[in-house]
Amino acid sequence: MTGKRVLTGVTTTGIPHLGNYVGAIRPAIAAAANPEMESFFFLADYHGLIKCHDPNRIHESTQAVAATWLACGLDPERTTFYRQSDIPEIQELNWILTCITAKGLMNRAHAYKAAVQENIDNGLADEDHAVEMGLYSYPILMAADILMFNAHYVPVGRDQIQHLEMARDIAGRFNHRFKNLFTLPEAQIDDKVETLVGLDGRKMSKSYGNTIALFDDEKKLQKSVNKIITNLKEPGEPKLPDESPLFEIYKAFANENEAVEFTQKLAEGLAWGDAKKMLAAKINAELADKRDRYWALMSHPAEIEAILQAGAQKARARARVLLDEVRDAVGIRRLRG
Ligand code: ADP
Ligand code: TRP
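Residues numbered from 1 in each chain as written. Chains lettered and ligands numbered in written order. Predicted model: local features only at pLDDT ≥ 70, side-chain atom pairs only at ≥ 80, totals over all residues. Heavy atoms only, no water.

## Re the site of ligand 2
Piece 1. Around ligand 2, 14 residues are found, and the nearest of them are His47, Tyr138, Met142, Asp145 and Gln160.
Piece 2. Here a nitrogen atom of ligand 2 and a side-chain polar atom of Tyr138 are 3.0 Å apart.
Piece 3. In the model, a nitrogen atom of ligand 2 is placed 2.7 Å from a nitrogen or oxygen of the Asp145 side chain.
Piece 4. Of all elements in the fold, only strand 1 (4-11), strand 2 (37-44) and helix 7 (133-147) reach the threshold of two or more residues within the shell around ligand 2. (Near = heavy atom within 4 Å. Polar contact = N/O pair within 3.5 Å; in protein donor to acceptor, adjacent residues only side chain to side chain. Helix = DSSP H or I, 4+ residues; strand = E, 2+ residues; numbered from the N terminus.)

## Points about the pairing of strand 3 (residues 79-83)
The two faces of the sheet receive side chains in turn, since in a regular strand these alternate between them.
Piece 1. Taken across its five residues, strand 3 has five buried, putting it largely inside the fold.
Piece 2. A two-sided burial pattern is seen for strand 3, the buried positions comprising Thr79, Phe81 and Arg83 on one face and Thr80 and Tyr82 on the other.
Piece 3. Both strand 2 and strand 3 contribute to a ladder of five bridges, which runs parallel. Looking at strand 3, one finds that Leu43 is bridged to Arg83. (Buried < 20%, exposed > 50% of the residue type's maximum accessible area, 1.4 Å probe, protein only. Pairing = 2+ DSSP bridges.)

## So, the packing of aromatic side chains
Aromatic ring pairs: the centre-centre distance and the angle between the two ring planes describe each pair.
Piece 1. Under the counting rule described, the total for this entry stands at twelve aromatic pairs.
Piece 2. Aromatic side chains Tyr250 and Phe262 sit 3.9 Å apart centroid to centroid with 10° between the ring planes, which places their arrangement in the stacked category. With Tyr250 in helix 10 (residues 246-253) and Phe262 in helix 11 (residues 256-267), this residue pair connects regions lying twelve residues apart in the sequence. Accessibility classification places Tyr250 together with Phe262 in one group, the buried group.
Piece 3. Taken together, the aromatic side chains of Phe40, Phe42, Tyr82 and Phe149 make up a single cluster linked through ring pairs.
Piece 4. The lysine or arginine in question, Arg26, covers the ring of Phe253, its NZ or CZ lying 5.6 Å from the ring centre.
Piece 5. Across from the ring centre of Trp272, 5.8 Å away, lies the NZ or CZ of Lys239, which sits over that ring. (Phe/Tyr/Trp six-rings, centres within 6.5 Å; stacked < 30°, edge-to-face > 60°. Lys NZ or Arg CZ within 6 Å of the ring centre and 35° of its normal.)

## Regarding the nonpolar core
Piece 1. Grouped together as the largest cluster of nonpolar side chains are 54 residues, with contacts concentrated most on Leu18, Trp69 and Ile249.
Piece 2. Here this core gathers at least three residues from each of two domains, domain 1 (5-195 + 300-330) and domain 2 (215-295).
Piece 3. In contact with Ile249, not counting residues within four places along its chain, are Leu18, Leu196, Val197, Met204, Ile212, Ile228, Leu279 and Ile283.
Piece 4. Core analysis: the second largest hydrophobic core is formed by 46 residues, Tyr82, Leu93, Ala171 and Leu323 among them. (Core = buried A, V, L, I, M, F, W, Y, C linked by side-chain atoms within 4.5 Å. Domains from an automatic or database assignment. Contact = heavy atoms within 4.5 Å.)

## Describing the domain arrangement of the protein chain
How big an interface is tends to be expressed through the accessible area that disappears when the partners come together.
Piece 1. In terms of domains, the protein chain is made up of domain 1 (5-195 + 300-330) and domain 2 (215-295).
Piece 2. The C-alpha centroid of domain 2 is placed 31 Å from the C-alpha centroid of domain 1.
Piece 3. With twelve residues of domain 1 at the contact, the number on the domain 2 side is 13 residues.
Piece 4. Taken over both partners, the interface formed by domain 1 and domain 2 buries close to 1200 Å², and the fraction arising from carbon and sulfur atoms is 61%.
Piece 5. For the domain 1 face of the interface with domain 2, the top three residues by lost area are Leu18, Ala71 and Lys192, together amounting to 44%.
Piece 6. Its salt-bridge partner being Glu286, residue Arg26 comes within 3.0 Å of it at the nearest N-O pair.
Piece 7. Applying the counting rule to domain 1 against domain 2 returns four residue pairs in polar contact (both at pLDDT 80 or more). (Buried area = accessible area lost by both parts, 1.4 Å probe. Salt bridge = Lys/Arg side-chain N within 4 Å of Asp/Glu carboxyl O.)

## A short note on the side chain of Ser244
Piece 1. Along the chain, Ser244 falls in the loop between helix 9 (218-226) and helix 10.
Piece 2. Here the side chain of Ser244 touches Ile229 through a polar contact of 2.8 Å, landing on its backbone oxygen.

## Overview of unusual backbone geometry
Piece 1. Even without being a glycine, Ala130 presents a positive backbone phi close to 65°.
Piece 2. Mapped onto the secondary structure, Ala130 falls in the loop between helix 6 (110-121) and helix 7.
Piece 3. Accessibility expressed as a relative area gives 66% for Ala130, which makes it exposed.
Piece 4. Its identity is not glycine, yet Asn150 carries a phi of approximately 45°, on the positive side.
Piece 5. Here Asn150 lies in the loop between helix 7 and strand 4 (153-155).
Piece 6. Taking the relative accessible area as the measure of exposure, Asn150 reaches 11% and is therefore buried.

Right under this line is the structure:
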């Protein structure tokens, strides 16, 4: 055991999609297979509340995200697998970290800045219109998720790199001000995976309704793939990989040679329709078995819940030890005689 830890979470705001899989779930499960690595994977349901105000959606998504992790090969005996809201220690740490985080750091967060920019673009006098504190402070909660288990590596998509930098900043500040208790975490990015683009041209995200769901049946998968934006080039006309988000998705599911071959075929005039068939087949080859496991699990929610409860027990026992040290370091202590 090198004593290294890998940790990541997926927000419970909808049905997992190809981006979640290639950006976080697949690399996380690969990292957990390393016997030298301890792993912590969780359902980020308190993060879900930031973007989603529909209780049923949060609840259903929790089941779907949990079933996805399990279907993709997570072994709950080896990995500590839990739901964020089952670990109250994370919220305690969240507050302590909130008290040492510079407001200026949060002002620079991409998600907050995007919301402000949208208000400015819409000509609103109040830049902070409709910005809630959950959105504003969300990088601190994410830091608490990571620091609570002193993770070394955090497999995430590229969109999360800034949050990892913030977590390091917050950890460093605590270590400097109080006591050296926190490991500085590193983002782990899969080189061959870009942030996948969704069916409307924006980042593929559960929050935008523009996704290709991970476990739709073959027919629905092909239907979604057919909606990927392309240009009007005819069959036979040479095409470049960056003319459609289709190529980045293909690359995320193919090996290097296959990606080169695909580029070649596009250059030789492969029809977009045929490219879409090739893409759906490629995705299907990797996901077919996992899809069967997913749907089997989805019909047994009580089994999933039992796994999550066992995971929460393991996670809480670990979290408590560090939280006690953190509380002591900041002066939250019992009075003694
Ligand atoms: P979403 O935007 O779909 O709600 P989450 O916030 O739950 O996604 O992200 C879970 C993980 O999936 C994160 O590590 C994130 O970086 C990754 N991820 C999300 N969308 C994409 C994407 N389009 N391409 C690559 N990775 C992604
Ligand atoms: N914020 C992440 C996202 O939107 C999800 C997440 C929450 C997470 N807490 C985390 C990822 C801790 C890694 C580590 O994608």
